[in-house]
Amino acid sequence: MNKDFQLFQQEFKEWQVKLGLTGFHIFFKYLPLKECFAQIDASQVHRVATVTLNSKLSDDDKPYKDIKRSAKHEAMHLLVNNLEACATSREIRIQEIDEAVEELVVKLTELIP
């Protein structure tokens, strides 16, 4: 198994515990992604999430690769998943919700060691 992928999984699981998100069943994937280091797809209703680490970073992105930070960032997305699920059930533009959630995740990533 790829060393980066192992570290990513380990770090994500640590943050999952720290953030009290152990009620979610997590699946991990190591696949090429477009324009991101990692991503998460989560279902609040089913309490399941798939976290994917980009296996094919562009040469431009490689200097910015930070596996631990990416894992923490995706765990923060899981943390705000309930907020996102609630917000998307109301009449509001999805883009506005995505921007608000991303802003919160970036702030939490900076605040929490």
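Preceding block: the structure.
Residues numbered from 1 in each chain as written. Predicted model: local features only at pLDDT ≥ 70, side-chain atom pairs only at ≥ 80, totals over all residues. Heavy atoms only, no water.

Caption draft 1: Examining the nonpolar core more closely. Ranked by internal contacts, the top residues of the largest apolar core, which has 23 residues, are Phe8, Phe12, Ile26, Phe28 and Leu78. Looking at this core, the elements that each hand over two or more residues are helix H1 (3–18), strand S1 (25–31), strand S3 (48–54), helix H2 (67–79) and helix H4 (94–111). Here the element with the most residues in this core is H2; it accounts for five residues. Filtering out sequence-adjacent residues up to four positions away, phenylalanine 28 remains in contact with Phe5, Phe8, Gln9, Phe12, Lys13 and Val51. (Core = buried A, V, L, I, M, F, W, Y, C linked by side-chain atoms within 4.5 Å. Buried < 20%, exposed > 50% of the residue type's maximum accessible area, 1.4 Å probe, protein only. Helix = DSSP H or I, 4+ residues; strand = E, 2+ residues; numbered from the N terminus. Contact = heavy atoms within 4.5 Å.)

Caption draft 2: Representation of the packing of aromatic side chains in the model. Within the structure shown, the criterion is met by three aromatic pairs. Between phenylalanine 8 and phenylalanine 28, the ring centres sit 6.4 Å apart and the planes meet at 85°, which makes this aromatic pair edge-to-face. One end of the pair, phenylalanine 8, is in helix H1; the other, phenylalanine 28, is in strand S1, with 20 residues separating them in the sequence. On the basis of an interplanar angle of 85° and a centroid distance of 5.6 Å, the ring pair of phenylalanine 12 and phenylalanine 28 is categorised as edge-to-face. With a gap of 16 residues between them, phenylalanine 12 in helix H1 and phenylalanine 28 in strand S1 connect regions that are remote in the sequence. For the pair phenylalanine 12 and phenylalanine 28, a shared accessibility class is recorded, and that class is buried. The structure contains a cluster of three or more aromatic residues connected by ring pairs, namely Phe8, Phe12 and Phe28. Across the ring face of tryptophan 15, the terminal group of lysine 18 is positioned such that the distance to the ring centre comes to 4.4 Å. (Phe/Tyr/Trp six-rings, centres within 6.5 Å; stacked < 30°, edge-to-face > 60°. Lys NZ or Arg CZ within 6 Å of the ring centre and 35° of its normal.)

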